[in-house]
Amino acid sequence: MAQQVGLIQFKGRIGNLSFFKTKDGYSVREASGVDGNKIKNDPSYARTRENNAEFDHASKASKVFRAAFARDIKTTGDRSLSGRLSSLIHKLLRQDPVNIRGSRKVLPVATAALEGFEFNGAMSLKDAHNLSFTPVVDRSTGSLSVEVQTFSPKTLIVPPGGATHFVLRSTAAEVDFETQKYVAVSAESAPIGVDQAQTDAITLQHTIPGATKPLLLAFGINFVQIVNGIQYALKSGLHSVMQVVKVDTGIAV
């Protein structure tokens, strides 16, 4: 690697030479890599262009999912969520039976595979509780809900250390994976004591009228600590969970 010793000092690229600054001064080296124009136009790079186009679409599809469930991901998602979601989205894209390579998309019919997706890869929804609940999606009325039967928290909830209460939460979203647009609404229960003997039935209700794109319904539980009437999030969110419990693709079966 050559080093500049003259008075003229600059950074950047000139022709096939790249100039940059290091701790030892300004240096220059021959630029490496394939020319961008060649990748865009050379027939031998057609497969690369196809892969890049599909990677871009999959990235945008993952991004709109994360945006629709942003608050839930913040409280229940683990570090592996982005990677697991990206891997799943790429699989859905490859299931496109209509478009050619490079133009394949996440079609509505493929989104059914998102049902069961766990936000917390370290703990599933079933690991956190044994509640009996029913997810309901009625596209014709725009009604989405999670209906939880009466239960005993003391018996059916497995709280982490430090948790005094928990909150049941649900988010419903209409997601257009092609245009990266979404509508999302959330509902949650009042805090429930982890040692409470019994609760009434709970319904978390949502309305998304006139939906034409896939509808996703997620349900989960957030553990919190309440001290002197003030609610605090636990430092470790490893025990809070959420799962996509129902998907309506909008495609008649």
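Structure shown above.
Quantities reported herein were computed from a predicted structural model and do not represent experimental measurements.

**A few points about the nonpolar core**
Line of reasoning, step 1. Counting 28 residues, the largest nonpolar core has Val148, Phe151, Phe166, Leu168, Phe219 and Ile221 as the members making the most contacts within it.
Line of reasoning, step 2. Looking at this core, the elements with two or more residues in it are helix H5 (125–128), strand S6 (143–148), strand S7 (165–176), strand S10 (202–207), strand S11 (215–227) and strand S13 (241–248).
Line of reasoning, step 3. Considering every element that reaches this core, the biggest residue donor is S11, with five residues.
Line of reasoning, step 4. Residues within four places of Ile221 in sequence aside, it is in contact with Ala128, His129, Ile157, Phe166, Val167, Leu168, Ser240 and Val241.

**Details of the sheet that holds strand S5 (residues 133–138)**
Line of reasoning, step 1. Read across the open sheet, the three strands follow the order S5-S6-S10; overall the sheet is antiparallel. Two strands in the sheet have a free side with no partner beyond their single neighbour: S5 and S10. Between one strand axis and the next, the sheet turns by 10° as a mean value, whatever way the strands run.
Line of reasoning, step 2. Pairing analysis gives six bridges linking S5 to S6, with the strands arranged antiparallel. Bridging from a neighbouring strand, Asp138 pairs with Ser143 of S6.

**As for the packing of aromatic side chains**
Line of reasoning, step 1. Scanning all chains against the criterion turns up eight aromatic pairs.
Line of reasoning, step 2. Aromatic pair Phe69 and Phe119: ring centres 5.7 Å apart, planes at 85°, arrangement edge-to-face. Residue Phe69 is found in the loop between helix H2 (46–68) and helix H3 (70–76), and its partner Phe119 is found in the loop between helix H4 (81–94) and H5; the two are separated by 50 residues along the sequence. Pair check on accessibility: Phe69 and Phe119 agree, each one buried.
Line of reasoning, step 3. Taking the centre distance of 6.3 Å and the plane angle of 40° together, the rings of Phe151 and Phe166 count as tilted.

Definitions and limits used
Chains are numbered independently. Their residues run from 1 in the order of the written sequence. Only residues with pLDDT of at least 70 get local features here, since the model is predicted, and only at 80 or more are side-chain atom pairs given and counted; chain-wide, interface and lining totals rely on the full set of residues. Processing note: side-chain calculations cover all non-hydrogen atoms of the structure and skip hydrogens and water entirely. Take the buried Ala, Val, Leu, Ile, Met, Phe, Trp, Tyr and Cys residues and link them wherever side-chain atoms come within 4.5 Å; each set so joined is a nonpolar core. Note on exposure labels: buried denotes an accessible area under 20% of the residue type's maximum, exposed denotes more than 50%, and partly exposed covers the range between, all computed with a 1.4 Å probe on protein chains only. Per the convention used, a helix needs a DSSP run of H or I reaching at least four residues, while a strand needs a run of E reaching at least two, with both numbered from the N terminus. In what follows, a contact means two residues having at least one pair of non-hydrogen atoms within 4.5 Å. DSSP bridges decide pairing: two strands pair if at least two such bridges lie between them. In this description, a line fitted to the C-alpha atoms serves as the axis of each element, helices being fitted only across the stretch in contact, and the angle between N-to-C directions of two axes falls anywhere from 0 to 180 degrees. Two aromatic rings from Phe, Tyr or Trp, using only the six-membered ring of Trp, form a pair when their centres are within 6.5 Å; if the ring planes differ by under 30 degrees the pair is stacked, by over 60 it is edge-to-face, and anything between is tilted.

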